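Here are the chains, one letter per residue:
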Amino acid sequence: MTETQGGSDLRQTQTIAYDNRDGTYSLHGSKWFFSVPHSDVFLTLARHEEGISCFVVPGWRPEGTRNGIAIQRLKDKCGNRSNASCEVEFHGAIGHMLGDPGRGLRTGLSMNHNTRLDIAAASAGLMRQAVMLAGHHAQHRTAFQRLLIDQPIMQNVLADLAIEAEAAAWLAFRLFAAVDRQERSESEKLLARIGAPLAKYWVAKRTPAVVVEALECHGGNGFIEENPMARHYREAPLNSVWEGSGNVICLDVLRSLEREPGSLQALRAELHAVSGQDRRYDAALQALENDLHDLIRHEGQARLLTERLALMLQGALLIRHAPHAVADAFVATRLGGHWSGHFGDLPLAVDVVTLASRAVPEV
Ligand SMILES: Cc1cc2nc3c(=O)[nH]c(=O)nc-3n(C[C@H](O)[C@H](O)[C@H](O)COP(=O)(O)OP(=O)(O)OC[C@H]3O[C@@H](n4cnc5c(N)ncnc54)[C@H](O)[C@@H]3O)c2cc1C
């Protein structure tokens, strides 16, 4: 979909679709980002007389020749190298319209919803692997006559990383459950609607921080290309760029609150369901309720709004489902105020030894 003039504002799409009057269209134009060009089929946007529409473009024509998609060059990316991304030109590529004419952005967005959740899960997975690698390293590396995993500061860092990865996984999978149930439950559908951009934004945003800290746990070895951490380091920022960059995702959160007020009620119900179990959580929820009106009203506050909603939802999920030590550490830091956002800041009362052991892979 992305063309040179913009990937976020797809209303600027310049590719043209000519109606062949036989149920197909001929597409002419260029795309600036076009991943996996060896696919059998592509979804793309192009303009025709009724506006921007979505098209299915096969990689091959029925007679077995290549469709009119000319690869200009492969992108030389700083990460994500196993996925070929390229620039292409459409020279009369044959396409079939998908969805209603002139409603291409809406058709695309309906799919974006799922890919954004997919990204939240992928980022949670990337976090988890980085944390496991750090835990494994700390369990086997000795410094100052002690294993790293037995050093108090390292325990605090690993414990903090472990709860971040756990919170990310709970957030993604709770929302997948909502998607699974959305045909049967309106509130689950509304929760999935607002939850997908929340999770996409927040989990993708936290991933680079987790990966960098996990890399540092390896010392210099983590910065060497032969170590898997180097690849994770290069991959980590991508999920907050594609499928809607951070700001654009936060605008989507605002849009869902504006157009579907029920989504906020569904989220509130999820958050209030666990109130009364932890006074710090209750205080954070009350503070959010107090600030909500202003946060929603000012576009420039959309990141803060998204972050606070995502953190509250993670806190609610951990209180409900995770072991007490995990929920306690999360609430004490992420919802308790004075959180720096860095790792290794867990307060004295937190059981970092138990939590750090959750970062070590079971063998
Ligand atoms: C490895 C890789 C593979 C990709 N593969 C594909 C692909 O297969 N198909 C495809 O279509 N695209 C693909 N993309 C492109 C990607 O989806 C876009 O780069 C992304 O959507 C952002 O668009 P842009 O680069 O034009 O940035 P812009 O739209 O110019 O945005 C630049 C910055 O401005 C911000 N911004 C935009 N609008 C606003 C606003 N209203 N308020 C505040 N801030 C704003 C954005 O959040 C972003 O931070 C790929 C990108 C990468 C890196």
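Owing to the predicted nature of the structure, the values given are computational and were not obtained by experimental measurement.

Conventions we followed
- Residues numbered from 1 in each chain as written.
- Predicted model: local features only at pLDDT ≥ 70, side-chain atom pairs only at ≥ 80, totals over all residues.
- Heavy atoms only, no water.
- Helix = DSSP H or I, 4+ residues; strand = E, 2+ residues; numbered from the N terminus.
- Rg over C-alpha atoms; globule rule 2.2 N^0.38 Å.
- Buried < 20%, exposed > 50% of the residue type's maximum accessible area, 1.4 Å probe, protein only.
- Contact = heavy atoms within 4.5 Å.
- Areas by Shrake-Rupley, 256 points an atom, 1.4 Å probe, with all protein chains shown as cover.
- Lys, Arg positive; Asp, Glu negative; His and termini not counted.
- Charge placed at Lys NZ, Arg CZ, Asp CG, Glu CD.
- UniProt positions renumbered as here; feature names shortened; annotations may be inferred.
- Near = heavy atom within 4 Å.
- Polar contact = N/O pair within 3.5 Å; in protein donor to acceptor, adjacent residues only side chain to side chain.
- Nonpolar A, V, L, I, M, F, W, Y, C, P; charged D, E, K, R; others polar.
- Domains from an automatic or database assignment.
- Phe/Tyr/Trp six-rings, centres within 6.5 Å; stacked < 30°, edge-to-face > 60°.
- Lys NZ or Arg CZ within 6 Å of the ring centre and 35° of its normal.
- Axes fitted to C-alpha atoms, helices over the stretch in contact; angles between N-to-C directions.
- Parallel < 35°, antiparallel > 145°, perpendicular 65-115°, else oblique.
- Salt bridge = Lys/Arg side-chain N within 4 Å of Asp/Glu carboxyl O.
- Expected span 1.5 Å × (residues − 1).
- Bend = angle between axes of the 7 residues up to and from the residue.

A tally of regular secondary structure across the protein chain gives ten helices and eight strands. Over its C-alpha atoms the protein chain spans a radius of gyration of 23 Å, differing by no more than 12% from the 21 Å that the globule rule assigns to 363 residues. Over its C-alpha atoms, taken along the principal directions, the protein chain stretches across nearly 75 × 50 × 35 Å. Classification of the 363 residues of the protein chain by burial places 50% in the buried group. The long-range fraction of contacts in the protein chain, counting pairs at least 24 apart against all pairs at least 6 apart in sequence, stands at 67%. Here the protein chain displays about 17800 Å² of accessible surface, and carbon together with sulfur accounts for 53% of that area. Here the protein chain contributes 37 positively and 42 negatively charged side chains, and the mean placements of these two sets differ by 1 Å.

Moving on, we get to the UniProt feature "domain: Acyl-CoA dehydrogenase/oxidase C-terminal" (unreviewed entry) in the protein chain. Those residues carrying the UniProt feature "domain: Acyl-CoA dehydrogenase/oxidase C-terminal" (unreviewed entry) are residues 102-257 in this numbering. Structurally, residues 102-257 is divided into 76% helix and 3% strand, and its ends, taken at the C-alpha atoms, are 25 Å apart.

The next subject is the site of the ligand. The immediate surroundings of the ligand are formed by 19 residues, with Met 1, Thr 2, Gly 7, Ser 8 and Ser 35 found nearest. The backbone of Gly 7 places a nitrogen or oxygen atom 2.6 Å from an oxygen atom of the ligand. Within the side chain of Asn 247, a nitrogen or oxygen atom sits 3.0 Å from a nitrogen atom of the ligand. In the complex, 62% of the free accessible area of the ligand, which totals 970 Å², lies under the protein chains. Elements represented by at least two residues in the shell around the ligand include exactly strand E2 (25-35) and helix H5 (246-259). Class assignment for the residues of the shell around the ligand results in eight nonpolar, nine polar and two charged. The residue makeup of the shell around the ligand includes at least three contributed by each of domain 1 (10-102) and domain 2 (107-357).

Another point: the packing of aromatic side chains. All chains considered together, the criterion is met by five aromatic pairs. Residues Phe 34 and Phe 90 carry aromatic rings whose centres are separated by 6.1 Å and whose planes lie at 75 degrees to one another, so their mutual orientation is edge-to-face. Of the two residues, Phe 34 is situated in strand E2 and Phe 90 in strand E6 (residues 85-98); the sequence distance between them amounts to 56 residues. Since its relative accessible area comes to 7%, Phe 34 is described here as buried. Summarising the aromatic geometry, the rings of Phe 173 and Phe 176 are spaced 5.9 Å apart at their centres and angled 55 degrees between planes, so their arrangement reads as tilted. Here Phe 173 and its partner Phe 176 are both found in helix H2 (residues 152-181), three residues apart, which amounts to about one turn of the helix. What links up through ring pairs into an aromatic cluster is the set Phe 34, Phe 42 and Phe 90. For the cation-ring pair, Lys 75 lies above Trp 32, with the distance from its terminal atom to the ring centre recorded as 3.5 Å. Lys 75 extends its terminal NZ or CZ atom over the ring of Phe 33, reaching a point 4.4 Å from the ring centre.

Okay, the environment of Val 210 next. You can see Val 210 is positioned in helix H3 (residues 186-217). As a C-alpha pair, Val 210 and Glu 164 span 46 residues in sequence and 7.9 Å in three-dimensional space. Residues within four places of Val 210 in sequence aside, it is in contact with Met 127, Val 131, Leu 161, Glu 164 and Phe 343.

The next subject is the side chain of Arg 116. Looking at the secondary structure, you find Arg 116 in helix H1 (residues 104-140). Classification of Arg 116 as buried rests on a relative accessible area of 7%. Of note is the side chain of Arg 116, whose polar atom sits 3.2 Å from the side chain of Asp 252. Once you skip the residues sitting within four places of it in the chain, Arg 116 turns out to touch Leu 109, Ala 196, Lys 200, Glu 243, Gly 244, Ile 249 and Asp 252.

Helices that pack against each other are described as a pair by the angle of their axes relative to one another and the distance between those axes. At a closest axis distance of 4 Å, the pairing of H5 and helix H6 (residues 261-272) adopts a crossing angle of 100 degrees. Compared by their axis directions, H5 and H6 come out roughly perpendicular. Contact residues: H5 offers Ser 256, Leu 257, Glu 258 and Arg 259, while H6 offers Pro 261, Ser 263 and Leu 264. Split into classes, the residues belonging to the contact of H5 with H6 amount to three nonpolar, two polar and two charged.

Per the counting criterion, the structure on display carries 23 salt bridges. Salt-bridge contacts for Glu 225 lead to Arg 234; the nearest nitrogen and oxygen are separated by 2.8 Å. On the basis of relative accessible area, Glu 225 is assigned to the exposed category, the value being 53%. The closest approach of N and O atoms between Glu 289 and Arg 268, which form a salt bridge, is 3.0 Å. In this pair, Glu 289 sits in helix H7 (residues 279-297) while Arg 268 sits in helix H6, placing the two residues 21 residues apart along the sequence. Arg 268 gets classed as partly exposed once you look at its relative accessible area, which sits at 23%. Put simply, Arg 116, Arg 193, Asp 252, Arg 255 and Glu 260 are held in one network by salt bridges that share partners.

The subject of this paragraph is H7. Here H7 contains 19 residues, and its C-alpha end-to-end distance of 28 Å stays within 8% of the 27 Å for a straight helix at 1.5 Å per residue. The largest bend along H7 reaches roughly 50 degrees and is located at Asp 291. For H7, the complete set of buried residues consists of Tyr 281, Ala 284, Leu 285, Leu 288, Leu 292 and Leu 295. On its buried side, H7 packs onto H6, helix H8 (302-321) and helix H9 (324-335).

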